[in-house]
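Residue-level listing of the chains:
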Amino acid sequence: MARQVKRAFKYRFYPTGEQAAELSRTFGCVRLVYNKALEERTRAWYGEQRRISYVQSSAALTQWKKTGELAFLTEVSSVPLQQALRHLQTAFGNFFAQRAKYPRFKSRKKSRASAEYTRSAFTWREGRLTLAKMAGPLDIRWSRPLPQGQEPTTATVSRDAAGRWFVSLLCEDCITPAPATKNAVGIDAGITSLVTLSTGEKVANPRHERRDRARLARAQRELSRKAKGSANREKARERVARVHARIADRRRDHLHKLSTRLVRENQTVVIEDLTVRNLLNNHTLARAISDASWTQLRSMLEYKCAWYGRELVVIDRFFPSSKLCGNCGTIAAKLPLNVRAWTCDTCGVVHDRDINAARTIKAAGLAVSACGAGVRPHGSTPGGQPASKQEPLQREP
């Protein structure tokens, strides 16, 4: 049975000079309002032990606009400014619920430049989007159509570090579940192979960052030689950002194709609850682990399984998948990371380390799915302990 979900469709667009200037002003005002509201809430709590709500922050925003110092806030649409306060309220809600850290101030250079427009702040006519305070519609490249008969409820405009402009349109979409199948797959993440499946297949790691490493290093050297604050340094910074954007785009495209294939082919997908943040403490492998982007792959599997009626099972990160014999259940006493194949001392079966780990992950996941226990929600940790699973990671050249 089809289900209605809220889905974002992201497109690239090319603003005119006037539109770019208006959006840049809006981005700056959004960042200023967010930081000022965060400063006020932090001061009120630590200085007076008093909480400030969204309603109080919204009333303060109205007063800020009446001052001579912040009167320029009236020059941009008020909706993105209100949305910034709502995002701050959400950030504090996540903090108090212990789902996130304390909200941080937005940096002009490091934070994502974006502004969110709700339905009252843009016009949608005949497939053309016109934002508030703008005379004409945005020049959007429609790489794919929006759901038929649906109009966007929210438009989020952003500009990345490479200077590219994007608009993300939130719409109601009808998702049809994929045909049922009896297949199940266990997934073991790695670096030599991006993932190893319980079927014995090993998906090669494209190593997108390493393929462009020479180009990135050259761009970074040119950036380091430019005088700070100069126009040439800004141009060099954009060249570095374009290389990073190219790497990220190719990585995301590959992970989308892989995750979609796994979800379509299998009714049950079993993965491990890896703590990537702790694994990144290994400075020898941190670059390769970041390039593999296991967290992004897991996120894609989570929402695609929910969309298409599949089951995603996450087993405990302390499950000894690599050292557990898939034939007799014996756990090897010691298995160094450089050992790619090992022989069970009990039954004598020779195991490929990655394939055996994927198969034991699948078996554990099916057992968990049958009894309905042992699955920990996304993001939780067992007492804050670091991940102890030994992965077949190799030194990144």
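Remember, predicted model here, so these are calculated numbers, not experimental data.

### Here we look at the overall build of the protein chain
For step 1, the next point in the chain: When you go through the protein chain residue by residue, the secondary structure sums to 10 helices and 14 strands.
For step 2, the next point in the chain: Counting only C-alpha atoms, the protein chain reaches 80 × 55 × 50 Å along its principal axes.
For step 3, the next point in the chain: Classification of the 397 residues of the protein chain by burial places 42% in the buried group.
For step 4, the next point in the chain: A total of about 21800 Å² of accessible surface is found on the protein chain, and carbon and sulfur atoms cover 51% of it.
For step 5, the next point in the chain: Averaging the coordinates of the 70 positive side-chain charges in the protein chain and doing the same for the 35 negative ones gives two points 3 Å apart.

### Describing the sheet that holds strand S10 (residues 202–204)
For step 1, the next point in the chain: Here we have five strands laid out as an open sheet, ordered S10-S9-S8-S11-S12, and mixed in their pairing. Every other strand in the sheet has two partners, leaving S10 and strand S12 (311–315) as the edge strands with one partner each. When the angles between neighbouring strand axes are averaged without regard to direction, this sheet yields 25°.

### Points about the UniProt feature "domain: Cas12f1-like TNB" (unreviewed entry) in the protein chain
For step 1, the next point in the chain: With numbering aligned to this structure, UniProt lists the feature "domain: Cas12f1-like TNB" (unreviewed entry) at residues 294–361.
For step 2, the next point in the chain: With 34% helix and 16% strand, residues 294–361 has end C-alpha atoms that lie 16 Å from one another.

### Let's talk about empty space enclosed by the protein
For step 1, the next point in the chain: Scanning all chains against the criterion turns up one cavity of 30 Å³ or more.
For step 2, the next point in the chain: Taken as a whole, the largest cavity spans an internal volume of roughly 30 Å³.
For step 3, the next point in the chain: Along its surface, the largest cavity is lined by Leu194, Asn205, Pro206, His208, Arg251, His254, Leu255, Asp291 and Ala292.
For step 4, the next point in the chain: Looking at the lining of the largest cavity, the elements with two or more residues in it are helix H6 (231–265) and helix H8 (286–292).
For step 5, the next point in the chain: In terms of residue class, the lining of the largest cavity is built from four nonpolar, three polar and two charged.

### What about the sheet that holds strand S5 (residues 140–141)?
For step 1, the next point in the chain: Pairing within the open sheet is antiparallel, and its five strands lie in the order S2-S6-S7-S1-S5. What marks the edges here is a single partner per strand, and that holds for strand S2 (113–118) and S5.
For step 2, the next point in the chain: Two strands pair when backbone bridges link them, and S2 and strand S6 (residues 154–159) are joined in this way by six bridges, in the antiparallel orientation. Along S6, the bridge assignment pairs Ala113 with Arg159.

### Remarks on the side chain of Ser321
For step 1, the next point in the chain: As for its placement among the helices and strands, Ser321 is situated in the loop between S12 and strand S13 (341–343).
For step 2, the next point in the chain: Take Ser321: its relative accessible area is 0%, and that puts it in the buried class.
For step 3, the next point in the chain: Looking at Ser321, its side chain comes within polar contact range of the side chain of Glu272, at 3.1 Å.

### Some thoughts on the nonpolar core
For step 1, the next point in the chain: By size, the foremost hydrophobic cluster in this structure holds 41 residues, and its most contacted members are Leu23, Leu129, Leu131, Val157 and Val167.
For step 2, the next point in the chain: A total of nine residues in this core trace back to one element, the largest contributor, which is helix H1 (residues 17–48).
For step 3, the next point in the chain: Of all hydrophobic cores here, the second largest spans 27 residues; its members include Leu197, Val203, Ala288 and Val314.

### Overview of the pairing of strand S4 (residues 128–131)
A regular strand places its side chains on the two faces of the sheet in alternate fashion.
For step 1, the next point in the chain: For strand S3 (residues 122–125) and S4, the ladder comprises four bridges, and the chain directions are antiparallel. Looking at the pairing, Arg125 lines up with Arg128 of S4.
For step 2, the next point in the chain: Connecting S3 to the antiparallel partner S4 that follows it, the hairpin turn spans two residues, and Glu126 within it adopts a positive phi of roughly 50°.

### Structural notes on the UniProt feature "domain: Transposase putative helix-turn-helix" (unreviewed entry) in the protein chain
For step 1, the next point in the chain: Here the UniProt feature "domain: Transposase putative helix-turn-helix" (unreviewed entry) sits at residues 1–48.
For step 2, the next point in the chain: In the segment residues 1–48, helix accounts for 67% and strand for 23%; the C-alpha atoms at its two ends are 53 Å apart.

### Brief notes about unusual backbone geometry
For step 1, the next point in the chain: A positive phi is found at Lys133, a non-glycine position, where the angle reads about 70°.
For step 2, the next point in the chain: Following the sequence through the fold, Lys133 ends up in the loop between S4 and S5.
For step 3, the next point in the chain: Not every positive phi belongs to a glycine, and Arg207 is a case in point at roughly 50°.
For step 4, the next point in the chain: The residue Arg207 is located in the loop between S10 and helix H4 (208–211) in this model.
For step 5, the next point in the chain: What makes Arg207 buried here is its relative accessible area of 15%.

### Remarks on helix H5 (residues 213–224)
For step 1, the next point in the chain: Over its 12 residues, H5 runs 16 Å from end to end, which matches the ideal 16 Å to within 8%, given 1.5 Å per residue.
For step 2, the next point in the chain: Among all positions in H5, only Arg213, Leu216, Ala219 and Leu223 are buried. One side of H5 carries all its buried residues, which in axial view fall inside an arc of 130°.
For step 3, the next point in the chain: Next to the buried residues of H5 lie H4, H6 and H8.

Conventions adopted
- Just so you know, the residues in each chain are numbered from 1, in the order the chain's sequence is written.
- Given that the model is predicted, a residue must reach a pLDDT of at least 70 before its local features are reported, and side-chain atom pairs must reach 80 or more before they are shown or counted; all residues, however, enter totals for whole chains, interfaces and linings.
- With hydrogens and water excluded, all non-hydrogen atoms of the structure serve as input to the side-chain values.
- Labels follow the DSSP assignment, with helices taken as runs of H or I lasting at least four residues and strands as runs of E lasting at least two, numbered in each case from the N terminus.
- A simple rule labels every residue: compare its accessible area, found with a 1.4 Å probe on the protein chains alone, to the largest value its type can have, and call it buried under 20%, exposed over 50%, or partly exposed in between.
- Areas reported as accessible are Shrake-Rupley estimates using a 1.4 Å probe. Residue values count occlusion only from the protein chains shown.
- A residue counts as positive if it is Lys or Arg and as negative if it is Asp or Glu; His and the chain ends are not included.
- Charge placement uses NZ in Lys and CZ in Arg. For Asp and Glu, CG and CD serve respectively.
- When DSSP finds two or more bridges between two strands, those strands count as paired.
- Axis definition: a line fitted to C-alpha atoms, over the contacting stretch in the case of helices. Angles run 0 to 180 degrees between N-to-C directions.
- UniProt positions are given in the numbering used here, feature names are shortened, and annotations may be inferred rather than shown by experiment.
- Note on definitions: the grid is 1 Å and covers protein atoms alone; a cavity is a set of points where a 1.4 Å probe fits but cannot get out; a pocket is an open set with protein on both sides within 12 Å along at least five of seven lines; lining residues have an atom within 4 Å of a point.
- Grid points are joined across faces, edges and corners, and a volume is the space filled by probe spheres set on the points.
- Basically, the charged four are Asp, Glu, Lys and Arg, the nonpolar ten are Ala, Val, Leu, Ile, Met, Phe, Trp, Tyr, Cys and Pro, and anything else, Gly included, counts as polar.
- Distance and chemistry together define a polar contact, namely a pair of N or O atoms within 3.5 Å, with one atom able to donate a hydrogen and the other to accept it when in protein, and with adjacent residues in sequence counting only for side-chain atoms on both sides.
- Side-chain atoms within 4.5 Å are what join buried Ala, Val, Leu, Ile, Met, Phe, Trp, Tyr and Cys residues into a set we call a nonpolar core.
- Residue count minus one, scaled by 1.5 Å, sets the expected span of a helix.
- In this context, the arc is that of the directions from the helix axis out to the C-beta atoms.
- Contact definition: two residues touch when any of their heavy atoms are within 4.5 Å.

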